[in-house]
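Spelled out, the chains give:
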Amino acid sequence: MGSQGGFGQSKEFLDLIKSIGEARSKAEEDRIVLHEIETLKRRITEPDIPKRKMKEYIIRLVYIEMLGHDAAFGYIHAVKMTHDDSLLLKRTGYLAVTLFLNEDHDLIILIVNTIQKDLKSDNFLVVCAALNAVCRLINEETIPAVLPQVVELLGHSKEAVRKKAVMALHRFHQRSPSSVSHLVSNFRKRLCDNDPGVMGATLCPLFDLVSVDVSTYKDLVVSFVSILKQVAERRLPKAYDYHQMPAPFIQIKLLKILALLGNGDKQASGQMYTVVGDIMRKSDTTSNIGNAILYECICCVASIFPNTKLLEAAADAISKFLKSDSHNLKYMGIDALGRLIKISPDIAEQHQLAVIDCLEDPDDTLKRKTFELLYKMTKSSNVEVIVDRMIEYMININDNHYKTDIASRCVELAEQFAPSNHWFIQTMNKVFEHAGDLVNIKVAHNLMRLIAEGFGEDDDTADSQLRSSAVDSYLRIVGEPKLPSAFLQVICWVLGEYGTADGKYSASYITGKLCDVAEAHSSDDTVKAYAVTALMKIYSFEIAAGRQVDVLPECQSLIEDLSASSSTDLQQRAYELQAVIRLDAQALENILPLDASCEDIEVDKGLSFLNSYVQQSLENGAQPYIPESARSGVLNISNLRSHDQHETSGHALRFEAYELPKPAMPTITPASILPSTELVPVPEPSYMREIHQTPAVPSSSHSGSAELKLRLDGVQKKWGKPTYSSPVQSTSNSDSQKTNNGAAQPEASGSIKQKARDVSHDVKRQEVEVPSEKQRLAASLFGGAFKSEKRQPAAGNRGAPKANNNSTENSHITKGATSSEPTTVKTTPTQPPPDLLDFGESTVTSSAPSMDPFMQLEGLVDVTQDGSAVNSGSVASKASDFMSLYGEMSGSVPSNLVDPLSTDSIVVNTSSDLLNASNNFDHGASVVAQPPQSTNKGPNLKDALQKDALVRQMGVTPTNQNPNLFRDLLG
Amino acid sequence: MIHFLLLISRQGKVRLTKWYSPYAQKERTKVVRELSGMILSRGPKLCNFVEWRGYKVVYKRYASLYFCMCVNQDDNELEILEIIHHFVEILDLYFGSVCELDLIFNFHKAYYILDEILMAGELQESSKKTVERLIDAQDALVEAAKEQANSVSYMISQATK
């Protein structure tokens, strides 16, 4: 392959990239990009742009879009480029559209034709490009348009095409499982493909299929096991080896599938034991990929029917992970522990200390993973420690997403395992206080119900204790500022129901507090509503109990305020309150009985109590009630609606349905296309020509013509103004009119469907998550032997580590403060020097002496001078590190001065090594493992030098500010 | 499944983005900002994963460039790390000791290579040789097309049919 030499773009484009690289701030960058957008907008619409120029414009659009700006004005040109016959341009077009367009974009319909044509191309590269686009762009509605061709390509002679066709079908299956459900057998066939790449790709869809429906794929267990065996025995071509591992990615995929197939199936699992055991034994724990396979084996062992030997091996592997210094492996170990713990609960015991270490670790990710593990291990004996820990952590983080997560976990655990009422209320208070706005409002409602219903035991005293402790704590807390709305609602409700129930607090005290709440949160209507209703309850309980009610002056004024409120709900509540106070005790006892929030209220849905009234009215000559469905006006509308829906669904299927009338109207084809293309809002003549070309070729013979014509009709109607429809109607038959009706619909319904799908996807996720977690929870709960030991880490948590904990927590906080979002956003604009794309040398100027490696190549004598300059210069610490290393180098280099060429190579080697070294110096163990490999660099050296020379020609000079730009990514 | 791939420089500049799940342009900008803030601030010894909005982001630093992939909760992080490495190795093969500058000026080529490695958010090819061969074939065809375009432009259509 080799280096591609020049960058192959115009000076103008390179200048753009350069100037963006030099931008000192985000604002400056935006200004440059906006200017570029203006330029492109102007240029791209010019007539007769040479195609190569156009190609560059498109790539520039891609660049703009990549930087986060909107290039929508150029999308249509990218679409047009896909129509081009030259693969060079077509490829660029496809690249651009796959990057620009999401699958619900309007322009996609214009690409479908091209994709169809390209899928039939003789050139397999064109087919590959089209298949790439298919994966990204084809949505549920357009699947039928390309499906037959994609299926056909499964039998293509080129393995690359077969592979991509499999991936495309996989994508279809993800988008809309029903559309390809009849093609599932194809995946089974492809599993036996001669090419390992195709086989490997087939595992992706099979994994999805198996995870949806395990039972129908049980017969494949034997095949999967034998494939895995062969892979592990290195039967695949050497090309699939990765870091001396035989096809690890395929192994991992197979292990994932086996884990699903063996879940709860003793017989199927039995077939896997040997091969999984072999792989675990053979795995190489020194390389990352070896550990990846090992981890997958553990997951598999944890999922399939338990086998003692394998479980032991898995436990060993986990302890290796946990004992490792690498945080990555610790993380995986904690995760694996969480998986295995439901099968052998006692395994956590031996790793108590490691788990606690991870919990104390400054690495947030690791900490969270450990909380997940703890969550899985929680039981009534350790719930207090774990939940306290979680809350402590929750208070200190800013990440709302995770805060919500952990808060709801706390609530769940507290509800499930609470050892005492008092603790439960305290815990819930803390959760609400710190994350009340984030937890689902249902949690608040649950809490209210729990307080009202008690813990379900027939122990009234315990329930009333719970309530009074709730009231106590709420009265303490209610005065605090900035309580979340949901929490205040709970507080108001509980105070209203139970504030005076045990006689500890007087009505006037409680009502005073409630008024304070309403006043302090005057912008929150919901809280005010809760407060007013609570007031009403307190007063009516008082009156019902026969006590005299003195409405406090502040309550009085609050009620008056609210009865003039702009919220009708508040008004109504205020008026109701005023009315209720005037009622007598007897009536109030019936309206608002004490502690009856859990009593069922019977609702007479049939409104039978109105029967006599209705009868009377009818006798007096009133019109009888006509049910909605029987009314004439409504009838029409609802019929229409169902008709429309029919149209919509018809639209989705149109790709096939419209092929039928083809022979009857070959003559109409050109006629109807002519007006229709005019309506496509694209003025360029070249574009129309291209479109015409496509139907012209196949129209005589192929079914494609009918499809093509109809699709264009759809486009035109979708976009065209209503006035356009008349000429089309005159040429085409009633069918096309139908599409006209339907055309507006699919877009809307499409987007709705899209949303609905998203939602259902989310819901599904949650549903999947919850039960599995519950299962694990249950498993850890019932592990009887485990119970006693588990307290040990819990106790440990309480004691010794607590002292440490403060410090780690603190350091975590400071870290968060320095590193969180706002500061990094700021860094982009304010931090000038260490910009990587700093090509401009002028910016370096006086303070930092420029450390051009080339300078060093040219005059090695200067090195010492440079070194001294460094010492004097006050530069950023990183630069000085870097340069002091250069300084050290000065001693050893001059001895090599004999042969200019060899010096070159050595200097470059050392300098790059130094770069590596400086990097290591800066960042401790850098991510890239960098063994000294100066000999390896030999062959690439020339390339590197050429590259440098080329870049320098363009004005990019390596300075001390951008040395990394020239650094090999693979050290 | 891989939801997106980001290449961010240490200064938070975007070098490459590829989205396999639908994200609107505004969202994309937000995601990039959020993640670069999170990832760039992490210390060197911490693990290469961050949890983010219910997904996991696996990242790895090469020289001054961060390769980040967003994956599902149940994906194997170590495998994702190796997929990233696989991509970098192929880039290295293609560009000949690839450096950040290659990717800056040849981002479209990086996209073509990526398209041969990942598809629809899954790893489609784990053999470096196969990827290499495909990219070479494409380049050869592009070269041929270029030559033809220079000589007789109207013949292009016939030539590449």
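Nothing here was measured: the structure is a model prediction, and the numbers come from that model. (Residues numbered from 1 in each chain as written. Chains lettered and ligands numbered in written order. Predicted model: local features only at pLDDT ≥ 70, side-chain atom pairs only at ≥ 80, totals over all residues. Heavy atoms only, no water.)

A.B. asks: Looking at this structure, I do not really get the overall build of chain A. What am I missing?
C.D. replies: Helix and strand counts for chain A come out as 47 helices and zero strands. Expressed as a percentage of its 971 residues, the buried residues of chain A come to 52%. Put simply, of all contacts in chain A between residues at least 6 apart along the chain, 69% involve residues at least 24 apart. (Helix = DSSP H or I, 4+ residues; strand = E, 2+ residues; numbered from the N terminus. Buried < 20%, exposed > 50% of the residue type's maximum accessible area, 1.4 Å probe, protein only. Contact = heavy atoms within 4.5 Å.)

A.B. asks: How should the packing of aromatic side chains be read in this particular structure?
C.D. replies: By convention here, two paired aromatic rings are described through the distance between centres and the angle between planes. Residue and element names in this part refer to chain B. Across all of its chains, the model carries 21 aromatic pairs over all chains by this definition. On the basis of an interplanar angle of 80° and a centroid distance of 5.3 Å, the ring pair of Tyr62 and Phe67 is categorised as edge-to-face. For Tyr62, a relative accessible area of 0% corresponds to the buried category. Assessed through its relative accessible area of 0%, Phe67 is described here as buried. Connected via pairs of aromatic rings, a cluster forms that spans Phe4, Trp19, Tyr23, Trp52 and Tyr55. (Phe/Tyr/Trp six-rings, centres within 6.5 Å; stacked < 30°, edge-to-face > 60°.)

A.B. asks: Before we go on, may I ask you to explain the side chain of A:Thr533 in this structure?
C.D. replies: Residue and element names in this part refer to chain A. Tracing the backbone shows Thr533 in helix H28 (residues 525-544). We classify Thr533 as buried; its relative accessible area is 18%. Engagement of the side chain of Thr533 in a polar contact is seen with the side chain of Arg573, the distance being 2.5 Å. (Polar contact = N/O pair within 3.5 Å; in protein donor to acceptor, adjacent residues only side chain to side chain.)

A.B. asks: Explain the sheet that holds strand S5 (residues 65-71) of chain B here, please?
C.D. replies: The strands that make up a sheet pair up through hydrogen bonds in the backbone, lying either parallel or antiparallel. Residues and elements named next belong to chain B. Overall, antiparallel pairing links the five strands, which are arranged S2-S1-S5-S4-S3 in an open sheet. The open sheet is flanked by strand S2 (14-19) and strand S3 (49-52), the only strands paired with a single partner. The sheet shows a mean angle of 20° between the axes of neighbouring strands, taken without regard to direction. Taken together, the five bridges between strand S1 (residues 2-9) and S2 define a ladder with antiparallel strand orientation. The residue bridging Phe4 from the neighbouring strand is Trp19, located in S2. (Pairing = 2+ DSSP bridges. Axes fitted to C-alpha atoms, helices over the stretch in contact; angles between N-to-C directions.)

A.B. asks: Please explain the pairing of S1(B) as it appears in this structure.
C.D. replies: The side chains of a regular strand alternate between the sheet's two faces. For S1(B), a buried count of eight out of eight residues is recorded, marking the element as mostly surrounded by other parts of the structure. Linking S1(B) to S2(B), which pair antiparallel, is a turn of four residues; within it B:Gly12 sits at a positive phi near 85°.

A.B. asks: Would you take a moment to explain a nonpolar patch on the surface for this structure?
C.D. replies: On the surface, A:Leu607, A:Phe609, A:Leu610, A:Tyr613, A:Val614 and A:Leu618 cluster together into a nonpolar patch covering about 570 Å² of accessible area. On the accessibility criterion, A:Val614 (41% relative accessible area) is partly exposed. (Patch = residues over 30% accessible without salt bridge, like charges linked within 9 Å, V, L, I, M, F, W, Y side chains within 5 Å. Areas by Shrake-Rupley, 256 points an atom, 1.4 Å probe, with all protein chains shown as cover. Salt bridge = Lys/Arg side-chain N within 4 Å of Asp/Glu carboxyl O.)

A.B. asks: Help me understand unusual backbone geometry in this model?
C.D. replies: Most peptide bonds take the trans configuration, and most residues that are not glycine carry a negative phi. Positive phi outside glycine occurs at A:Gln244, with the angle close to 65°. Structurally, A:Gln244 is set in the loop between helix H13 (221-232) and helix H14 (248-262). Within the chain, B:Arg53 stands out as a residue other than glycine whose phi angle is a positive 50°. Within the secondary structure, B:Arg53 is located in the loop between S3 and strand S4 (55-62). The exposure class of B:Arg53 is partly exposed, given its relative accessible area of 27%.

A.B. asks: Can you walk me through the interface of chain A and chain B in this structure?
C.D. replies: At the junction of the two partners, chain A supplies 110 residues and chain B supplies 106 residues. Taken together, both faces of the contact between chain A and chain B bury some 10000 Å²; the carbon and sulfur share is 58%. Viewed at the interface, chain B and chain A are joined by seven salt bridges. Here B:Glu122 ties to A:Lys253 by a salt bridge, and the two come within 3.4 Å at their closest N and O atoms. Our count for the contact surface shared by chain A and chain B stands at 26 residue pairs in polar contact (both at pLDDT 80 or more). Counting residues per element, the side of chain A that touches chain B draws most heavily on helix H9 (residues 159-175) of chain A, at eight residues. When the residues that make up the side of chain A that touches chain B are grouped by side-chain class, the tally is 53 nonpolar, 31 polar and 26 charged. (Buried area = accessible area lost by both parts, 1.4 Å probe. Nonpolar A, V, L, I, M, F, W, Y, C, P; charged D, E, K, R; others polar.)

A.B. asks: What exactly am I supposed to notice about the confidence of the model for chain A here?
C.D. replies: For any part of a model where pLDDT is low, the fine detail of the predicted coordinates should not be relied upon. All names here are of chain A. With 64% of its residues at a pLDDT of 70 or more, chain A shows a mean pLDDT of 72. Taken as a whole, residues 1-6 scores under 50 in pLDDT and shows 15 contacts with residues more than four places along the chain or in a different chain. A low-confidence stretch, residues 664-757 (pLDDT under 50), is modelled with 101 contacts involving residues beyond four sequence positions or located in other chains. (pLDDT = per-residue confidence, 0-100.)

A.B. asks: Just checking my understanding: could you explain H28(A) for this structure?
C.D. replies: In an α-helix, one turn spans 3.6 residues; hence positions three or four apart end up facing the same way. Residues and elements named next belong to chain A. Along its 20 residues, H28 runs 28 Å from first to last C-alpha, staying within 8% of the 28 Å computed at 1.5 Å per residue. Across the 20 residues that make up H28, a large majority, 16, are buried. You can read the cap of H28 off the contacts: a side-chain oxygen lies 3.1 Å from the backbone nitrogen of Thr526, and it is on Asp524. Positive backbone phi, approximately 85°, marks Gly546, located one or two places after H28. (Expected span 1.5 Å × (residues − 1).)

A.B. asks: Just to check I follow, could you spell out the pairing of S3(B) for this structure?
C.D. replies: Residues and elements named next belong to chain B. Alternating residues of S3 divide into Phe49 and Glu51 and Val50 and Trp52, and every residue in both groups is buried. Looking at chain direction, S3 and S4 are connected through four bridges and run antiparallel. Directly across from Phe49, in S4, lies its bridge partner Val58. Counted along the chain from S3 to the antiparallel partner S4, the turn is two residues long, and its residue Arg53 has a positive phi close to 50°.

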